[in-house]
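Overview (structure and organization)
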Amino acid sequence: CSAGASGGDGGDKAPEDIIVGFAQVGAESGWRTANTKDVKRAFEDAGIELKFSDAQQKQENQIKAIRSYIQQGVDVIAFSPVVESGWDAVLQEAKDAGIPVILTDRAVDSEDESLYESFLGSDFVEEGNKAGEWLVEEYADSDDPVKIIQLEGTTGAAPAIDRAEGFAEIIKDESKFEIVASQTGDFTRAGGKQVTEALLKSNPDVDVIYSHNDDMGLGAIEAIEEAGLVPGEDIKIITVDAVKDGMQALADGKINFIVECNPLLGDQLVDLVKKVVAGEDIEKRVVTEETTFTQEEAKEALPDRQY
Ligand code: AHR
């Protein structure tokens, strides 16, 4: 793919002459806070000016921020789309203005891939696969029904869509697994708690909670404890992210398995920005490397966990 078509004028720009506009999703989770911190740190280290906006999980705010970056004539726009759909018009405006766009963390579903230069972030379907694989393994020796509650991320967001899809793909061949309820907790701790409270009432015999992120899983733990049950034992919990609070709950036995999603995208984003500004070719898709954690592995990893 070629970066040259759009952001072409900065071939010899020094880092201190580059201006980047970054439109963040919000501050909904520990993951997001770590991501924001890392992006700001990386641009500061690189000596590149970063204009930062927080959309408070609202697409219209992100669109406004992007339009304002276009008006200001920044060199590159980077953003983590809160939801997948509805970006074509504003991305076309950026393209018409000659400002290259880099997607970070979350994808858009635009069919016209020329609207952005690159997408840097996790493979969320793969994350859902890993969650499902652990579950299949965990219940390999039993034919009893396994009732699952799914706590979904923000409706319409790539990680919510893909983590649900990846998980379903793996468990679908074994009829003992049943998702008895699936609702959004909007990736927040409060959302996870509220949804779990309600769903435990209608599904008191649930065996497993699959949460699309740690924060909702941590909220679920509170709801489970308040219902007089033991998280990690009476109800097994699988989450995604592996932020410190999640890892602590895993080490404490309250979560059973975590699939890592890496928020430390700052240095890779800086690298892509520099290349785009220099008119170099960049990869259309850059996938971040990730692992998984059992309770024992969390105990080992916790002391060195950065976020
Ligand atoms: O897009 C990444 C997801 O967004 C993280 O898993 C979640 O915690 C965050 O809010």
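Residues numbered from 1 in each chain as written. Predicted model: local features only at pLDDT ≥ 70, side-chain atom pairs only at ≥ 80, totals over all residues.

Side note on the overall build of the chain
The helix and strand inventory of the chain stands at ten helices and twelve strands. Over its C-alpha trace the chain gives a radius of gyration of 20 Å, about what one expects of a compact globule, namely 19 Å for 307 residues. Along the longest, intermediate and shortest principal axes, the C-alpha atoms of the chain span 65 × 40 × 30 Å. Split into buried and exposed, the 307 residues of the chain put 51% on the buried side. Once local pairs closer than 6 in sequence are excluded, the contacts in the chain between residues at least 24 apart make up 77%. (Helix = DSSP H or I, 4+ residues; strand = E, 2+ residues; numbered from the N terminus. Rg over C-alpha atoms; globule rule 2.2 N^0.38 Å. Buried ≥ 20, exposed ≤ 12 C-beta atoms within 10 Å, placed from the backbone. Contact = placed C-beta atoms within 7 Å.)

What to know about the confidence of the model for the chain
Put simply, the chain has an average pLDDT of 96, and 96% of its residues get 70 or more. Residue range residues 1–8 is modelled with pLDDT below 50. Its contacts to residues more than four positions away, or to other chains, number 25 contacts. Interface confidence for the predicted complex, given as ipTM, is 0.99, next to a pTM of 0.95. (pLDDT = per-residue confidence, 0-100.)

Describing the sheet that holds strand β1 (residues 19–24)
Here we have six strands laid out as an open sheet, ordered β2-β1-β3-β4-β5-β11, and parallel in their pairing. Since the sheet does not close on itself, it has two edges, and those belong to β2 (49–54) and β11 (285–287), each with one partner. For this sheet the average axis-to-axis angle between neighbouring strands, irrespective of direction, equals 20 degrees. Relative to strand β5 (residues 118–121), strand β4 (residues 101–104) is paired through three bridges, and the arrangement is parallel. Across the sheet, residue Thr104 finds its bridge partner in β5, namely Leu120. (Pairing = 2+ DSSP bridges. Axes fitted to C-alpha atoms, helices over the stretch in contact; angles between N-to-C directions.)

A closer look at the packing of helix α2 (residues 59–72) against helix α3 (residues 88–96)
Where α2 contacts α3, the axes come no closer than 10 Å and their chain directions differ by 10 degrees. Of the possible angle classes, the one that applies to α2 and α3 is roughly parallel. Contact with α2, carried on its side by Ile63, Ile66, Arg67 and Ile70, involves Val90, Glu93 and Ala94 of α3 and no other residues of that element. Across the contact of α2 with α3, the residue classes tally to five nonpolar, no polar and two charged. (Parallel < 35°, antiparallel > 145°, perpendicular 65-115°, else oblique. Nonpolar A, V, L, I, M, F, W, Y, C, P; charged D, E, K, R; others polar.)

Considering the UniProt feature "domain: Periplasmic binding protein" (unreviewed entry) in the chain
In the numbering used here, UniProt assigns the feature "domain: Periplasmic binding protein" (unreviewed entry) to residues 21–280. Measuring from the first to the last C-alpha atom of residues 21–280 gives 20 Å, for a span that is 45% helix and 20% strand. (UniProt positions renumbered as here; feature names shortened; annotations may be inferred.)

Re the site of the ligand
Neighbouring the ligand are 13 residues; Ser29, Trp31, Pro159, Phe187 and Asn213 lie closest to it. Elements represented by at least two residues in the shell around the ligand include exactly α1 (30–46) and β9 (236–241). In terms of residue class, the shell around the ligand is made up of five nonpolar, two polar and six charged. (Near = placed C-beta within 6 Å.)

Topic: the nonpolar core
Membership of the largest hydrophobic core comes to 92 residues, with the highest contact counts inside it found for Val20, Ile66, Val76, Ile77, Ile102, Leu269 and Val273. Setting aside its immediate chain neighbours within four residues, Ile66 contacts Ala23, Ile77, Phe79, Val90 and Ala94. (Core = buried A, V, L, I, M, F, W, Y, C linked by C-beta atoms within 7 Å.)

Considering the environment of Pro159
Tracing the backbone through its elements, the reader meets Pro159 in helix α5 (residues 158–171). Considered as a pair, Pro159 and Val83 are 76 residues apart in the sequence and their alpha carbons are 9.1 Å apart. Ignoring sequence-local partners within four residues, the contact set of Pro159 consists of Arg106, Phe124, Gly153 and His212.

Overview of unusual backbone geometry
One non-glycine residue, Gln56, adopts positive backbone phi at about 50 degrees. Its location among the elements puts Gln56 in the loop between β2 and α2. Classification of Gln56 as partly exposed rests on a count of 13 C-beta atoms within 10 Å. With a phi close to 75 degrees, Ala242 is a non-glycine residue in the positive phi region. Mapped onto the elements, Ala242 comes out in the loop between β9 and α8 (244–251). Classification of Ala242 by C-beta neighbours within 10 Å gives buried; the count is 27.

Thoughts on α2
Its 14 residues give α2 an end-to-end C-alpha distance of 20 Å, which sits within 8% of 20 Å, the value for a rise of 1.5 Å per residue. Taken together, the buried positions of α2 are occupied by Gln62, Ile63, Ala65, Ile66, Tyr69 and Ile70. Down the axis of α2, the buried side of the element spans an arc of 160 degrees, and every buried residue falls inside it. Opposite the buried face of α2, at more than 90 degrees from it, the exposed residues are Glu60, Gln71 and Gln72. Residues of α2 that are buried make contact with β1, β2, β3 (76–79) and α3. (Expected span 1.5 Å × (residues − 1). Arc of directions from axis to C-beta.)

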